[in-house]
Amino acid sequence: MSSKESQLKESRMEQLAGVFFALLSLLLYFVIIPWQIESVRGAHPSPRSFPEVIAALLFVLAICLFISGWCKRSRPNQKIFRMSQEEIRQSIITFLVMTGYTLLLYVLPYIPVTMAALGVLMWIYGQRKWWKLSLAMLILPPSIYMAFTSLLKLRLP
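Here is what the cut-offs are and how they apply
Residues numbered from 1 in each chain as written. Predicted model: local features only at pLDDT ≥ 70, side-chain atom pairs only at ≥ 80, totals over all residues. Heavy atoms only, no water. Salt bridge = Lys/Arg side-chain N within 4 Å of Asp/Glu carboxyl O. Helix = DSSP H or I, 4+ residues; strand = E, 2+ residues; numbered from the N terminus. Buried < 20%, exposed > 50% of the residue type's maximum accessible area, 1.4 Å probe, protein only. Expected span 1.5 Å × (residues − 1). Contact = heavy atoms within 4.5 Å. Polar contact = N/O pair within 3.5 Å; in protein donor to acceptor, adjacent residues only side chain to side chain. Core = buried A, V, L, I, M, F, W, Y, C linked by side-chain atoms within 4.5 Å. Domains from an automatic or database assignment. Axes fitted to C-alpha atoms, helices over the stretch in contact; angles between N-to-C directions. Parallel < 35°, antiparallel > 145°, perpendicular 65-115°, else oblique. Left-handed = near helix turned anticlockwise from the far one by under 90°. Nonpolar A, V, L, I, M, F, W, Y, C, P; charged D, E, K, R; others polar.

1. What to know about the pattern of salt bridges
- In total, this model carries 3 salt bridges according to the counting rule given.
- Here E10 and K72 are joined by a salt bridge, their closest N and O atoms 3.0 Å apart. On the criterion of sequence distance, the pair formed by E10 in helix 1 (residues 10-36) and K72 in helix 2 (residues 49-72) is long-range, its members being 62 residues apart.
- Residue E10 is classed as buried on the basis of its relative accessible area, which comes to 15%.
- Looking at K72, the relative accessible area reads 13%, which means it is buried.
- Among the salt bridges present, the one from E14 reaches K72, with a minimum N-O distance of 2.8 Å. Linking E14 in helix 1 with K72 in helix 2, this pair joins segments that are 58 residues apart in sequence. By the burial criterion, E14 is buried, and K72 matches it.
- Connected via shared salt-bridge partners are E10, E14 and K72.

Put into structure tokens, the structure is as follows:
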């Protein structure tokens, strides 16, 4: 292993991912969904129903992933997952971009914020052709917005 690379065995990776997704699902179910989605009395299904089911399924799958990793812990010839310093840097930048994206949605409309975030992420991950960046930025956010608002009758920020 070079000093510019991190590595984990398959079993350890599954255990860590299981713990991460289990904690994320609990945070979603008990904090984020009640905080962000209004509870409507008498509405069946509730606006919270679909997100709560997804969070619960995520929790179950996270536990399965952890158990899978636990069962593999002493197995020989496990896959080794490697992550370079550049990939770690890209992951941190992606997290920061998505955090900024989420915060900006409180003060700016969905389409321009999504266009900017999409363009930045595509640039970070190596897309340098301006026409591909422009095409994705101009077509995807409005299309997603229309799909949610027109087809699914959901209100986006």
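2. Notes on helix 4 (residues 110-124)
- Taking 1.5 Å per residue as the helical rise, helix 4 with its 15 residues ought to reach 21 Å, and the 21 Å between its terminal C-alpha atoms agrees with that figure.
- Along helix 4, the residues classified as buried are Y110, V113, T114, M115, A117, G119, L121, M122 and I124.
- Check the buried side of helix 4 and you find it contacts helix 3 (85-104) and helix 5 (130-151).
- Residue G126 follows helix 4 closely and has a positive phi angle near 105°.

3. Some points on the side chain of T94
- By the secondary structure assignment, T94 is in helix 3.
- A distance of 2.8 Å separates a polar side-chain atom of T94 from the backbone oxygen of Q90.
- The contact partners of T94, leaving out residues within four places of it in the chain, are L121 and Y125.

4. Section: the nonpolar core
- Counting 9 residues, the largest nonpolar core is built from V97, Y101, L105, Y110, V113, A117, L121, I124 and L156.
- Looking at this core, the elements with two or more residues in it are helix 3 and helix 4.
- For this core, the element with the most residues is helix 4, which contributes 5 residues.
- If near-sequence neighbours (up to four positions away) are discounted, L121 is found in contact with T94, V97 and M98.

5. Here's the deal with the domain arrangement of the protein
- By the assigned domains, the protein splits into domain 1 (5-78) and domain 2 (85-151).
- When each unit is reduced to the centre of its C-alpha atoms, the spacing between domain 1 and domain 2 is 24 Å.

6. A closer look at the packing of helix 4 against helix 5
- Between helix 4 and helix 5, whose axes approach to 9 Å, the crossing angle comes to 140°. Judged by the inter-axis angle, helix 4 sits oblique to helix 5. Between helix 4 and helix 5 lies a crossing whose hand is right-handed. Note on element contacts: helix 5 touches helix 4 through K132, L133, A136, M137, L138, L140, P141, P142, I144 and Y145, opposite Y110, I111, T114, M115, L118, G119, M122 and W123.
- Classifying every residue of the contact of helix 4 with helix 5 gives 15 nonpolar, 2 polar and 1 charged.

7. Points about the packing of helix 1 against helix 2
- Packing of helix 1 against helix 2 brings their axes to within 7 Å, and their N-to-C directions diverge by 160°. The angle between helix 1 and helix 2 places the two elements in the roughly antiparallel class. Relative to helix 2, helix 1 is oriented so that their crossing is left-handed.
- Looking at the contact of helix 1 with helix 2, its residues break down into 18 nonpolar, 6 polar and 4 charged.

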